[in-house]
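Residues per chain are reported as follows:
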Amino acid sequence: MPSVARDVAAARRPSPAPPEAARQPVNCWREPESLGGERVPAFVVILRTRGCYWADLKGCSMCGYAKDTLGRSASPHELRQQIDWALRQYRNEPYVKVYTSGSFLDDREVDPSSREAVATAFRGRARRLLVETLPEFATAETLAPVREAFGGEVEVAMGLESADPTVLLQFVNKGSPPDEYFAAADRVRSLGLRAKGYLLLKPPYLTEAEAIDDVVRSVRAARDRFDTLSINPVHIQNGTVVEWLYRRRRYRPPWLWSVVEALRRGAEVRGTARLVSFPTAGGLPRGPHNCGRCDPEVLRAIETASLDQRFDGLDALSCPCQEVHRARKALEPLGVEA
Ligand code: SF4
Ligand SMILES: [Zn+2]
């Protein structure tokens with residue numbers, strides 16, 4: 001398996017991109033969010049940068065974001081062009097999320113002056129600015145200038161994925177153990193910023209039932225360190241170890257029923273943390289899905305529960321495919337196809 005990981009990592013690494021590829025972000029869109037208990041639109045932009053250094057070294061088993069990178073660092077001028085492009089689409093949404101396909105706080109991806117330029121661009125227009133990073137880059141040195149330049153609430157998101165070191169380091173293949181994510185979240189909060197943790201539902205090599213248990217245990221372990229915990233069910237991205245397994249019928253994306261169960265059980269142990277899930281590619285064959293008939297309704301209920309922080313509505317959902325999900329959870333450990 002290590003050679004599979006190395007091969008897929010090498011295959012997904014792009015060659016250095018020409019200047020015209022660096023003038024626009026990867027993408028930007030609007031999505032529903034919640035801010036201070038109020039539903040608001042969020043503006044999301046993904047800057048095109050050199051991408052995640054860890055993806056170059058080893059890479060996580062489910063992550064195909066390297067395809068959205070430049071294969072080289074973006075210059076401050078190129079990043080300024082991307083910011084200006086995004087600002088032309090921006091309609092004063094109060095919640096702004098700026099991602100790279102890696103870490104916003106890694107100087108190799110976004111240099112310090114460009115980070116301040118991003119924060120300044122939304123100063124006085126957005127109430128909250130979210131950026132995502134690996135834990136090693138979440139320091140006072142990188143965060144304080146962003147906080148000063150933005151002036152509003154800064155939220156720092158990190159892909160904790162699992163509080164279980166074996167799951168995180170061996171199955172997800174992350175480079176830092178859970179304790180480093182917890183320490184980084186503590187640093188973020190000690191600076192007066194918000195910490196958000198992503199939890200991965202169904203990394204490879206876990207059964208459906210083990211994956212749900214892992215998320216629920218992770219919610220319990222992380223609830224006092226993060227303000228928000230977001231359950232991210234795996235979707236199959238190109239050029240990943242998960243895709244390699246999927247193509248050989250050794251991996252099925254999680255059921256939406258598993259998201260529902262993780263939210264229901266996670267809500268009971270979340271303490272004061274917000275618990276949300278906004279599945280990517282929900283209802284699609286390569287994303288978290290049920291039977292196809294109930295998927296839209298289940299996805300709507302998951303979104304409503306996440307935005308309103310009320311999880312009892314999930315109990316009212318039902319479809320005959322729930323029985324298949326139950327059977328699969330029970331029989332999968334025996335190696336029986338349900
Ligand atoms: S999941 Fe995050 S840390 Fe892992 S390779 Fe992708 S961008 Fe890097
Ligand atoms: Zn169904």
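Bear in mind that the values here come from a model prediction, so they are computed numbers and not experimental data. (Residues numbered from 1 in each chain as written. Chains lettered and ligands numbered in written order. Predicted model: local features only at pLDDT ≥ 70, side-chain atom pairs only at ≥ 80, totals over all residues. Heavy atoms only, no water.)

Each pair of donors in an ideal four-coordinate tetrahedral metal site encloses 109.5 degrees, whereas pairs in an ideal six-coordinate octahedral site enclose 90 or 180 degrees. Protein-derived coordination of the zinc ion (ligand 2) comes from Cys 291 (SG), Cys 294 (SG), Cys 319 (SG) and Cys 321 (SG), at a distance range of 2.2 to 2.4 Å. Around the zinc ion (ligand 2) sit 4 donor atoms; with metal-centred angles ranging over 104 to 115°, the donor geometry is tetrahedral. In primary sequence terms, the donor set of the zinc ion (ligand 2) follows C-x2-C-x24-C-x1-C. One exposure class covers both Cys 319 and Cys 321, and it is buried. (Donors = N, O, S within 2.8 Å, 3.2 Å for Na, K, Ca; no water. Tetrahedral: all angles 85-135°; square planar, octahedral: opposite > 155°, others 65-115°. Buried < 20%, exposed > 50% of the residue type's maximum accessible area, 1.4 Å probe, protein only.)

Our focus in this paragraph is the nonpolar core. Judged by nonpolar contacts, the single largest core of 100 residues is most densely connected at Val 98, Phe 104, Phe 122, Phe 226, Trp 257 and Leu 314. In terms of residues, this core owes the most to one element, helix H10 (residues 256-269), which gives 8 residues. Leave out the neighbours within four places in its chain, and Phe 104 touches Leu 47, Val 98, Val 110, Arg 115, Val 118, Val 131, Glu 132 and Val 146. Counting residues in hydrophobic clusters, the runner-up holds 10 residues, among them Val 40, Ala 42, Tyr 99 and Tyr 198. (Core = buried A, V, L, I, M, F, W, Y, C linked by side-chain atoms within 4.5 Å. Helix = DSSP H or I, 4+ residues; strand = E, 2+ residues; numbered from the N terminus. Contact = heavy atoms within 4.5 Å.)

Looking at where Leu 169 falls in the secondary structure, it is placed in helix H6 (residues 165-171). On a C-alpha basis, the gap between Leu 169 and Cys 60 in space is 9.1 Å, while along the polypeptide they are 109 residues apart. When residues no more than four places from it in sequence are discounted, the contact partners of Leu 169 are Lys 174, Gly 175, Ser 176 and Pro 177.

The 8 strands lie next to each other as E1-E2-E3-E4-E5-E6-E7-E8, forming an open sheet whose pairing is mixed. Edge strands, defined here as strands with exactly one partner in the open sheet, are strand E1 (27-35) and strand E8 (274-276). When strand polarity is set aside, the average angle formed by the axes of neighbouring strands in this sheet is 25°. In terms of strand pairing, strand E5 (residues 153-161) meets strand E6 (residues 194-201) through 5 bridges, oriented parallel. Residue Glu 155 lies in a different strand from E6, and its bridge partner there is Arg 194. Its contacts with the sheet place helix H5 (residues 140-150) against strand E4 (128-132) and E5, and it is angled at close to 140° to E5. Contacting E6, strand E7 (228-233) and E8, H10 crosses the sheet at an angle of about 170° to E8. (Pairing = 2+ DSSP bridges. Axes fitted to C-alpha atoms, helices over the stretch in contact; angles between N-to-C directions.)

With the rule as written, the count across this model stands at 3 cavities of 30 Å³ or more. Considered as a void within the structure, the largest cavity measures approximately 50 Å³ in volume. What lines the largest cavity is simply Glu 33, Ser 34, Tyr 95, Arg 128, Glu 155, Lys 196, Thr 228, Arg 274 and Val 276. When residues of the lining of the largest cavity are traced back to their parent elements, those giving at least two are E1 and E8. Partitioned by chemical class, the residues of the lining of the largest cavity number 2 nonpolar, 2 polar and 5 charged. (1 Å grid on protein atoms, 1.4 Å probe; cavity = no way out; pocket = protein on both sides within 12 Å on 5 of 7 lines; lining within 4 Å. Points joined across faces, edges and corners; volume = space filled by probe spheres on them. Nonpolar A, V, L, I, M, F, W, Y, C, P; charged D, E, K, R; others polar.)

Scanning the entire structure with this criterion turns up 26 salt bridges. Measuring nitrogen to oxygen at the nearest pair gives 3.6 Å for the salt bridge that ties Glu 155 to Arg 128. A residue pair is termed long-range when its members are at least 10 positions apart, and Glu 155 in strand E5 and Arg 128 in strand E4 qualify at 27 residues. Both residues of the pair, Glu 155 and Arg 128, count as buried. The salt bridge partner of Asp 186 is Arg 225, with a shortest N-O separation of 2.8 Å. Highlighted residues: Asp 186 in helix H7 (residues 178-190) and Arg 225 in the loop between helix H8 (208-222) and E7, separated in sequence by 39 residues. Taking the relative accessible area as the measure of exposure, Asp 186 reaches 32% and is therefore partly exposed. Since its relative accessible area comes to 27%, Arg 225 is described here as partly exposed. Residues participating in the shared-partner salt-bridge network are Asp 213, Glu 261, Arg 265 and Lys 329. (Salt bridge = Lys/Arg side-chain N within 4 Å of Asp/Glu carboxyl O.)

Let's shift gears to the site of ligand 1. All residues in the neighbourhood of ligand 1 are listed as Cys 52, Trp 54, Ala 55, Cys 60, Met 62, Cys 63, Leu 134 and Lys 174. Within the shell around ligand 1, the residues separate by chemical class into 7 nonpolar, no polar and 1 charged. (Near = heavy atom within 4 Å.)

Next up on the list: the pairing of E5. With 8 of 9 residues buried, E5 lies mostly within the body of the structure. Pairing of E4 with E5 involves 5 bridges; the strand directions are parallel. Each bridged residue has a counterpart across the sheet, and for Arg 128 the counterpart in E5 is Glu 153. As for the winding sense of the linkage, the β-α-β connection from E4 through H5 to E5 is right-handed. (Right-handed = clockwise from strand over helix to strand, strands pointing away.)

Attention now goes to H5. Inspection of H5 places Thr 142, Leu 143, Val 146, Ala 149 and Phe 150 among the buried residues, and these make up the whole buried set. Taken end-on, H5 shows its buried residues confined to a sector of 135°, consistent with a single buried face. On the buried face of H5, the contacting elements are helix H4 (112-121), E4, E5 and H7. A positive backbone phi angle near 85° is found at Gly 151, which sits one or two residues after H5. (Arc of directions from axis to C-beta.)

Note that Val 26 resides in the loop between helix H1 (2-12) and E1. Those residues in contact with Val 26, other than ones at most four positions away along the chain, are Ile 46, Leu 47, Arg 48 and Asp 68.

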